[in-house]
Amino acid sequence: MSADRPGVSIAAARRDDLPGIMGLEVAGFTPSEQWSERSWQGELLGDGRTTLLARRHVPVGVIALQTVADVADLHRLVVSPRHRRQGVGAALVVAGLTAVRHAGARSVMLEVAWDNDPAIALYQWLGFEQLTARDDYYGPGRHALILRLWDLPAWSPPDHAPPTKETA
Ligand SMILES: CC(C)(COP(=O)(O)OP(=O)(O)OC[C@H]1O[C@@H](n2cnc3c(N)ncnc32)[C@H](O)[C@@H]1OP(=O)(O)O)[C@@H](O)C(=O)NCCC(=O)NCCS
């Protein structure tokens, strides 16, 4: 599957994309938040997984989802710091939701740190609503919000989506 946009291509990640994905992981998260290679191998090889890589010549973002029956879980999303606010995160989520809808998902869940304003803004803009909160989910004092996109079959991307801007 691929979704081409000006300057960025999004396609299914392969096993040999693991080094590029780990580069995004290290650049995009603090050490205590980073996933291991083994965790990412699970996303690349596990059942029901949808892992998409955005490239602008080099990897610039990645999203990982898992579909079980008719519910998809958005496990991970990260965009390279120098490529943020250019529509890459939105393009990845739109491509991911489209892919899991084809895989049979009817709703999508995710957890996000309650103080992660960029991610919460992105998800809410794309149609996710807060379902509940979980205290200390990521450790003491590090609470999570559980967001859900309820009706994936009826969902469509916002028509005021920010364009993916060219940097090259
Ligand atoms: C969250 C993240 C993936 C967003 O990626 P991105 O490519 O910068 O997002 P986009 O450019 O597609 O943003 C789309 C919209 O989301 C909202 N948004 C994104 N980043 C924002 C920010 N820092 N502040 C406020 N709103 C923001 C805006 O509405 C934005 O549209 P605009 O730029 O026209 O205002 C990125 O900041 C990231 O990788 N963060 C670190 C990893 C992380 O927190 N992942 C999510 C874990 S659940």
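Per chain, residues are indexed from 1 in the order of the written sequence. Where totals are concerned, whole chains, interfaces and linings use all residues; where local detail is concerned, this predicted model gives features only for residues with pLDDT of at least 70, and gives and counts side-chain atom pairs only at 80 or more. Derived side-chain values reflect all non-hydrogen atoms in the structure, with water molecules and hydrogen atoms excluded from consideration.

- With an unreviewed UniProt entry as reference, the chain is termed N-acetyltransferase domain-containing protein, source organism Microlunatus aurantiacus.

### Description of the site of the ligand
Turning to step 1, where the next piece is worked out: Near residues are defined by distance, with any heavy atom within 4 Å of the molecule or strand qualifying the residue. Inspection of the region around the ligand gives 21 residues, with Leu 77, Arg 85, Gly 89, Ala 90 and Asn 116 positioned closest.
Turning to step 2, where the next piece is worked out: Between a nitrogen atom of the ligand and a main-chain N or O atom of Leu 77, the distance comes to 2.7 Å.
Turning to step 3, where the next piece is worked out: Only β5 (71-79), α3 (88-102), β6 (107-113) and α4 (117-125) provide two or more residues apiece to the shell around the ligand.
Turning to step 4, where the next piece is worked out: For helices the rule is a DSSP run of H or I covering at least 4 residues; for strands it is a run of E covering at least 2, with both sets numbered from the N terminus onward. Ranked by the residues each element gives to the shell around the ligand, the list is headed by α4, at five residues.
Turning to step 5, where the next piece is worked out: Here the residues of the shell around the ligand sort into 13 nonpolar, five polar and three charged. In the analysis that follows, any N or O atom pair within 3.5 Å is treated as a polar contact, provided that within protein one partner can donate a hydrogen and the other can accept it, and provided that, for residues neighboring in sequence, both atoms belong to side chains. Side-chain classes follow a simple rule in which Ala, Val, Leu, Ile, Met, Phe, Trp, Tyr, Cys and Pro form the nonpolar group, Asp, Glu, Lys and Arg form the charged group, and the remainder, Gly included, forms the polar group.

### A closer look at the UniProt feature "domain: N-acetyltransferase" (unreviewed entry) in the chain
Turning to step 1, where the next piece is worked out: When the UniProt feature table is mapped onto this chain numbering, "domain: N-acetyltransferase" (unreviewed entry) sits at residues 8-152.
Turning to step 2, where the next piece is worked out: From the first C-alpha to the last, residues 8-152 spans 25 Å; its make-up is 30% helix and 36% strand. UniProt positions are given in the numbering used here, feature names are shortened, and annotations may be inferred rather than shown by experiment.

### Re helix α1 (residues 18-28)
Turning to step 1, where the next piece is worked out: The rule is simple: take the accessible area with a 1.4 Å probe, protein chains only, and divide by the maximum for that residue type; under 20% is buried, over 50% is exposed, in between is partly exposed. Considered for burial, the residues of α1 that qualify are Leu 18, Ile 21, Met 22, Leu 24 and Glu 25. Down the axis, α1 shows its buried residues gathered within 155° of arc, on one side only. Exposed positions of α1 whose direction lies more than 90 degrees from the buried face are Pro 19 and Val 26.
Turning to step 2, where the next piece is worked out: Where α1 is buried, its residues contact α2 (37-45), β3 (49-56), β4 (58-68) and β5. It is the directions from the helix axis to the C-beta atoms whose arc is reported. In what follows, a contact means two residues having at least one pair of non-hydrogen atoms within 4.5 Å.

### Description of the packing of α1 against α2
Each packed pair of helices is defined by two parameters, the angle between the axes and the distance between the axes.
Turning to step 1, where the next piece is worked out: Here, axes are lines fitted to C-alpha atoms. For helices the fit covers the stretch in contact, and angles between N-to-C directions go from 0 to 180 degrees. Across the interface, α1 lies against α2 with an axial gap of 11 Å and an inter-helix angle of 125°. The orientation of α1 with respect to α2, classified from their angle, is oblique. α2 is crossed by α1, and the crossing has right-handed handedness. Here α1 contributes Leu 18, Ile 21, Met 22 and Glu 25 to the contact with α2, which in turn contributes Glu 37, Trp 40, Gln 41 and Leu 44. Throughout this description, any angle smaller than 35 degrees is read as roughly parallel, any larger than 145 degrees as roughly antiparallel, any in the 65 to 115 degree range as roughly perpendicular, and the remainder as oblique. Left-handed describes a crossing in which the near helix is turned anticlockwise from the far one by less than a right angle; the clockwise case is right-handed.

### What to know about unusual backbone geometry
Turning to step 1, where the next piece is worked out: Phi angles above zero are rare outside glycine, and Ala 69 is one such case at about 55°.
Turning to step 2, where the next piece is worked out: The topology assignment puts Ala 69 in the loop between β4 and β5.

### Let's talk about the side chain of Ser 107
Turning to step 1, where the next piece is worked out: By secondary structure assignment, the location of Ser 107 is in strand β6.
Turning to step 2, where the next piece is worked out: Note on Ser 107: relative accessible area 5%, which makes it buried.
Turning to step 3, where the next piece is worked out: A polar side-chain atom of Ser 107 sits 2.8 Å from a polar atom in the side chain of Arg 148.
Turning to step 4, where the next piece is worked out: Excluding its chain neighbours within four sequence positions, the residues that come into contact with Ser 107 are Asp 70, Val 71, Ala 72, Arg 148, Leu 149, Trp 150 and Leu 152.

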